[in-house]
Amino acid sequence: MYKLGIDVGGTNTDAVILDDKLNVIVSTKTHTTKDIETGIKKAIHQVVNTNNIEVSQINQAMLGTTQATNAIVERKNLGRVGVLRIGYPATASILPYTEWPEDITSILSNRYALIHGGYEFNGDPIAPYSEKEVQEKLSEWKNQIDGLAVIGVFSSINDDQEKRVAEIAHKMLGKDFPVSISSSIGSIGLIGRENATILNAALNKVIKNVTDGFSNALAEENIFNATVYLCQNDGTLMSLPFAAKYPILTIGSGPTNSIRGAAYLSKIKNALTVDIGGTTSDIGVLVNGFPRESSKAVTIGGIRTNFRMPDVLSVGLGGGTIVRINNDDSVSIGPDSVGYAITERALVFGGNTLTTTDIAVRLGFCQLGNPRLVESIDKKIAQKAMTKIASIIENGLDQMKTSAEDVEVILVGGGSIIAPSLLSGVKHITKSKFGSVANAIGATIANVGGEYEKVYQYSQTKRSEALADVEKQAGQQAIMAGAKANSIKLVEITEVPLAYAPGETTRVKAKVVGEIDNSK
């Protein structure tokens, strides 16, 4: 049996096929197209036909996609959202959509309402919850919204009101109507959690288009036996029904696929990873085989959120980055790039733009295109450019380090040919012959994941019971996402005491993974 993995990046769409022992059988790299789907079809066609793969033997297909990010940034294909915040009157001073860019709030319809209810930090009700208010508002919004976002104050402690609103919405608007509840999406902070929940509700149409497009691309190559999964942004997979409920979890899956692929190819579990593409380089941190999660608030398309994201630093350096020689013979690198047009515009391919790839070929780092076309570049100038390239990477690595010690680095990505073999502050650099498609490999080898976070008061709940509960809930999430129940393993569990709250209030978060359940 075979696994097919696709990763759609900003410049390239990569595809790989692995056998049941996770050996790479064939890989390809094609340009990402404007409509995304065409590039996916081309990549699938190439990997299937290069080695005459028996398509009936492909039983799993995984896709890492940037479509959700693009939809938010470009304001395209987003649905109309109704926002119900359970927290009146306590939260009325800051309304939903505060500080959102106006262009996106109008697309989302700017419909919101505050209803009575919500909880204090210790679980006591703030105000009596009113189902009548919920019913009246949903009746008013019927046929005017495409999705509902429900946000309760301190729902991280008690989410029963959010769940009750979801039940009412499914009864009044239809059992399949998309409802996003904040306790399963964001972290503690109300506004960041609310923003993430609204975006999740707005992405339902986007993720449906993605899954339909991927299924169509598979059908065109007569791949009918494969179960389809989408990549999450923590380096794990989720089934299509789960992705339909949590489309926001696909945001940032590209960098995590690269980090997971780098770990798989190098067999290293703790290191920094550098994925050099055509336009940018993503520097991530590998901890126990998984990407380190960012502890900062995340801004997407001008909207501040607090849902989980990988800790990745992107710098403007890629294989297509433009190199300029100034009048005083100094050299500047980017940040602009020729991107996917590198095979037309770079000097080694007969173009007229000096790129970082031309510098690498001139210094003999790699054999690519026609090396004679870059022989006219002064070697001292080329060495100056390479010093600057190294400096950009070294500065990025310094920002991601947690100590002054030299670090292990795994180098992947199609543009990794431009990196020097020695870098300051680096103990050792590991490369692989399949490093250029590490992102697609990362998508293919991933397990199904689940994560759960809740706030407990240890003065009322025993710590051991809280840890067991959050691990159990994370396991349930993984099973819903498509994991085998008997294969669930705990990856990590974290506890963060909330110093401003009494009763030893602690935020507990668990992450688990499990094998793909092919019976679903």
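For clarity, every value in this text was computed on a predicted model and none was experimentally measured. (Residues numbered from 1 in each chain as written. Predicted model: local features only at pLDDT ≥ 70, side-chain atom pairs only at ≥ 80, totals over all residues. Heavy atoms only, no water.)

## A few points about the packing of aromatic side chains
Overall, the coordinates contain three aromatic pairs when judged by the stated rule. Following the ring pairs from residue to residue traces out a cluster consisting of Tyr 97, Trp 100 and Tyr 112. Its end group placed over the ring of Phe 290, Arg 260 keeps NZ or CZ at 4.4 Å from the ring centre. In this structure, Lys 267 packs its charged tip against the face of Tyr 264, placed 4.0 Å from the ring centre. (Phe/Tyr/Trp six-rings, centres within 6.5 Å; stacked < 30°, edge-to-face > 60°. Lys NZ or Arg CZ within 6 Å of the ring centre and 35° of its normal.)

## Topic: the sheet that holds strand β7 (residues 147-152)
Strand pairing in a sheet relies on backbone hydrogen bonds, with the paired strands running either antiparallel or parallel. Taken in spatial order, the four strands line up as β6-β5-β7-β8 in an open sheet, and their pairing is parallel. The open sheet is flanked by β6 (111-116) and β8 (179-181), the only strands paired with a single partner. Between one strand and the next, the sheet's axes are offset by a mean angle of 20 degrees, whatever the strand orientation. Bridge analysis of strand β5 (residues 81-88) against β7 gives six bridges, and the strand direction is parallel. Its bridge partner being in β7, Val 81 is matched across the sheet by Gly 147. (Pairing = 2+ DSSP bridges. Helix = DSSP H or I, 4+ residues; strand = E, 2+ residues; numbered from the N terminus. Axes fitted to C-alpha atoms, helices over the stretch in contact; angles between N-to-C directions.)

## Points about the environment of Phe 224
Within the fold, Phe 224 resides in the loop between α7 (204-220) and β9 (227-231). Since its relative accessible area comes to 58%, Phe 224 is described here as exposed. Separated by 221 residues in sequence, Phe 224 and Ile 445 have C-alpha atoms that sit 20 Å apart. (Buried < 20%, exposed > 50% of the residue type's maximum accessible area, 1.4 Å probe, protein only.)

## Regarding the packing of helix α1 (residues 37-50) against α7
A pair of packed helices is captured by two measures, namely the crossing angle of their axes and the spacing between those axes. Two elements in contact, α1 and α7, have axes separated by 9 Å at closest approach and are oriented at 35 degrees. Here the hand of the crossing between α1 and α7 comes out right-handed. Contacts between α1 and α7 pair Glu 37, Ile 40, Lys 41 and Ile 44 from the former with Gly 213, Phe 214, Asn 216, Ala 217, Leu 218 and Glu 220 from the latter. A breakdown of the residues in the contact of α1 with α7 according to their chemical character gives five nonpolar, two polar and three charged. (Left-handed = near helix turned anticlockwise from the far one by under 90°. Contact = heavy atoms within 4.5 Å. Nonpolar A, V, L, I, M, F, W, Y, C, P; charged D, E, K, R; others polar.)

## Regarding the pattern of salt bridges
One pass over the structure, following the stated rule, counts 23 salt bridges. For Lys 511, the salt bridge is made with Asp 234, and the minimal N-O distance between the two is 2.6 Å. Residue Lys 511 is located in strand β23 (residues 505-514), and its partner Asp 234 is located in the loop between β9 and β10 (237-239); the two are separated by 277 residues in the primary sequence. The exposure classification of Lys 511 matches that of Asp 234, with both residues buried. Taken together, the salt bridges that share partners define one network made up of Glu 293, Glu 451, Glu 453, Arg 507 and Lys 509. (Salt bridge = Lys/Arg side-chain N within 4 Å of Asp/Glu carboxyl O.)

## Topic: unusual backbone geometry
A cis amide bond links Tyr 88 with the next residue in sequence, Pro 89, at an omega value of 5 degrees. Along the chain, Pro 89 turns up in the loop between β5 and α3 (102-107). Gly 334 connects to Pro 335 through a cis peptide bond whose omega is 5 degrees. When you line up the elements, Pro 335 lands in strand β18 (residues 331-337). At Leu 22, a residue that is not glycine, the phi angle is positive and equals roughly 65 degrees. Residue position: Leu 22 is located in the loop between β2 (12-19) and β3 (24-31).

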